[in-house]
Amino acid sequence: MNSFTISFLRQLESESIHIMREVAAEFKNPVMLYSVGKDSSVMVRLAQKAFYPAKFPFPLMHIDTGNKFPEMYEFRDEFCQKIGARLIIERNEEWIAKGCHPLKTGVDKCCSYLKTGALLDAIRKHGFDAAFGGARREEEKSRAKERVFSLRDSFGQWDPKNQRPELWDIYNTRINEGETVRVFPLSNWTEQDIWEYIKLENIPIVPIYYARMRKVIISNGILIPVSSGAIGDNKKAKSVLCRFRSLGCMPCTGAIASAAITIDEIIGEVRSAKKSERENRVIDLTSDSSMEQKKKEGYF
Amino acid sequence: MQYGEKSLLRFTTTGSVDDGKSTLIGRLLYETKSIYDDQYAAIEKTSKRKGLKEVELAYLLDGLAAEREQGITIDVAHRYFETTKRKFIITDTPGHVQYTRNMVTGASKADCAIILIDARNGVLTQSKRHGFIISLLQIPHLIVAVNKMDLVNYAEDVFSRIVQEYENYSQKLDIHDIVFIPVSALKGDNVVEKSKKMPWYDGTTLLHCLENIHVAADRNLVDFRFPVQYVIRPHLDFRGFAGKIVSGTITPGEEVVILPSGNVTTIKSIMTYDGELQEAFASQSVVLTLSDEIDVSRGDMIVRKKNLPQIENSMEAIICWMDEQAMTINTPYIIKHTTKYAKASITKIVYKIDVDTLHRQPADTFLLNEIGRVEISTSAPIFFDSYKINHATGSFILIDPLTNNTVAAGMIRNAIRHIEDYTDDWADDGGKSKKSSNVIRRELNIELAQREKQNGHKACVLWFTGLSGSGKSTIAMEMERRLFAQKCNTVLLDGDNIRHGLCSDLGFSPADRKENIRRAGEVAKVFYEHSSIVLCTFISPFKKDREFVRFLFPQDRFVEIYMSCNLDECRKRDPNGLYKKAQSGLIKDFTGLSSPYEAPETPELIIDTESLPVEKSVDMIENYLISNSIISRKNIL
């Protein structure tokens, strides 16, 4: 590395910081969507960097379905308290009370009520005009098409055929009454970049990313943990050394067989992975366009 | 090499589906082991459903349902892969002319571009168009991949002919580094592995080329430019200016100047979350602190005192029109340039470029995807360099204030000067020194006194001055209505309206304000000479400028009316929402806030609009006109 060059991780970092500052400067009431996962952990660290020595000037918001892993709740509360962030928790209480669950209600419907619906309600309730999300283009093919500043209509919907041109580093932040934007500062990061950055920066993450013995049921090649409550019949369950590659709701997040108990081992695994990161996410598998469809309806 | 130390290359690919672009990208991803099994399985499933014999790699890239349906690329897609040497970000862009704006979007940040040419078809119009856009956007490196060599028997002469033809064409363009590679994306020749079928080719493979392009040298490390993004104030004792260094380098202790205020100070420290830096350079996001407590806000730019950008209200630029709605000339758009917004209008179309033939042609509008050269005026000075030497300070977007759409991408060529620099002090001689010695002044055809006699009243100028919101327009309009009812000849020159037309090329810097008032004064004079009572409503904050206008008229015919109203009250009224905008930083050089107002010392009339109702104010002016014999009671009867 000669002088006056920075590594690509620092380059990605600098670009993300630039994006966050644009949002803080130009929107009235931004919020950072915090899903407790590794990408959120990285996003929060970038926010801390962007506004240092001040605190980042927006709250974190967790859209809770009530179906997250217990370790995630524990981590969330401890982490937010430690960094002194303002945390907003929003849930679709009405549908949670009705017992909305992927097994009962169906995967797509459950997502639509507990995640998309709750998110749109929360954005309206708090009057947020911009919401940071940790989505990355590498994750999924319709995300690969989305802009960093993704304009949403008054129903939070994405119109993939009518996206604003996004040129250089000049972001058009002007919106009409009722519109909002989702901003994806991690757009150009890959799964491997995230892990390398977590290592480089020593960023705290939820412990279930690491492997340990878990009781699971193997269904369609996906390891479903017994503790998820997604499985009625526990007799077929067996103990497998596994970890979670990405985190979602318990009933819809499978584990992967893995022995990785350190960051370096996770990185090694990600590097040689044969399958994409969202392989274990049931919500993506319902059809070839399922993510695009969800985003059109207002999903993250 | 450590993972984090790899360098980054962004490249853009363009060509039509038939050129094998998706196959080429698929090949690059496949051979660098960047396609996951489940992703492959998904496109395999789709291919089968569509009844295709082979797996269509294009589906990997065409992420939207509409694209897979139609088998075309519509919008920019991003793909990521890496080798042991480098990380790559591919922005895959559509090649069809209908999607030119998407190609421009995808190419805007690229270090390198790959244009695909089908060896069987040779150089087509579209390959030329792609080269033209690459050259417009000043992408420093171009690779022309001549694909489907397997279908022309790997023949050297086919390749050479294409190279020859494209080189001839590219001489017309501004491209300095161009490499030609014969490939077969389908068979993998010269993509990652060197082909054994083309021994006559002694160049490198595509991947090798991508891995070794030297991009660090493309950056501008000379001109320090720091557009202020955000002011960080955790407590009263700390004020830091957050932003990204877009070009150049900086160290603590260096003397800098803040634009547009011109205040000079030194860099106290360069702060980051990870500690203070002893030097920072282009592409780093940092926080600068300054040695002196001076006013700096978002949209300002910190630069070195001896290396200033151009500071202008007008410029010449190449723009690509990106909106369905056609461009209209002299209409206010919004320009976003670095972190700064201003009003902007396109004052002139120099020419439109036929992107297929490169012919320049006259035009009076630009439609979607059209490209050409224009002149632009902005309401506030823009701090820029030409795009060629500095992409970050030479680029801008235009936004439609009604729809908020991004309607154009612009690349600045240079400044234009409509206005001469007035260095001499015109107030002393009434501007006479500006006159060309060859201009002869003709006498008025009909003398003013004769016209006045016919009209039954004298001509004069009522010059309303005061802060925005002080009541100038309200009272002048009411006054005009009253005079009109009395059969007087009147003209109302409204400061805002004049800025839309006659003075639309002017901003709000002191020099431009001066010119604005000079023109208004001259226009008022024309109407005055034709026996009108000319009501002029201009903030006209500078005493000198008002004095200049006063000198154009006989002493008793110029009535300066000072609308006295304190700033807080004006801010409360804020009839056009301008104070709000100015406070949020959208308007710079706003009189009363960031630009001074020099109240008249001895105006003919002072109207206290805070306490005086409109009706009473108008009475006051009317009485003045009567007692000075401009109008008579007769007019009223």
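Residues numbered from 1 in each chain as written. Chains lettered and ligands numbered in written order. Predicted model: local features only at pLDDT ≥ 70, side-chain atom pairs only at ≥ 80, totals over all residues.

## Some remarks on the domain arrangement of chain A
All names here are of chain A.
- The domain boundaries assigned to chain A delineate domain 1 (8-194 + 288-296) and domain 2 (207-282).
- Computed over C-alpha atoms only, the centres of domain 1 and domain 2 are separated by 24 Å.
- Contact with domain 1, which involves 17 residues of that partner, is made by 15 residues of domain 2.
- Of all elements in the fold, only α3 (70-83), α5 (102-105) and α7 (191-201) reach the threshold of two or more residues within the side of domain 1 that touches domain 2.
- Of the residues that constitute the side of domain 1 that touches domain 2, the class distribution is six nonpolar, five polar and six charged. (Domains from an automatic or database assignment. Contact = placed C-beta atoms within 7 Å. Helix = DSSP H or I, 4+ residues; strand = E, 2+ residues; numbered from the N terminus. Nonpolar A, V, L, I, M, F, W, Y, C, P; charged D, E, K, R; others polar.)

## A short note on the interface of chain A and chain B
- At the junction of the two partners, chain A supplies 53 residues and chain B supplies 55 residues.
- If one sorts the elements of the side of chain A that touches chain B by residue count, helix α1 (residues 8-26) of chain A sits on top with ten residues.
- For the side of chain A that touches chain B, a count of residues per class yields 21 nonpolar, 15 polar and 17 charged.

## Overview of the sheet that holds strand β25 (residues 558-564) of chain B
Residue and element names in this part refer to chain B.
- Within the open sheet, the five strands sit side by side as β23-β24-β22-β25-β26. Their pairing is parallel. Two strands lie at the open edges of the sheet, namely β23 (490-494) and β26 (605-608), each paired on one side alone. Neighbour to neighbour, the strand axes of the sheet diverge by 20° on average, direction disregarded.
- As defined by bridge partners, strand β22 (residues 460-465) adjoins strand β24 (residues 533-537) across five bridges and the pair is classed as parallel. Bridging across to β24, L462 finds its partner in L535. (Pairing = 2+ DSSP bridges. Axes fitted to C-alpha atoms, helices over the stretch in contact; angles between N-to-C directions.)

## Re the sheet that holds strand β6 (residues 180-183) of chain A
Residue and element names in this part refer to chain A.
- One open sheet accounts for six strands, arranged β3-β2-β1-β4-β6-β5; its pairing is mixed. A strand with exactly one partner marks an edge of an open sheet, and here the two such strands are β3 (87-90) and β5 (149-152). Sheet twist, expressed as the average angle between the axes of neighbouring strands with direction ignored, equals 30°.
- Note: strand β1 (residues 30-33) against strand β4 (residues 130-132), three bridges, orientation parallel. Following the sheet pairing, P30 is matched in β4 by A130.

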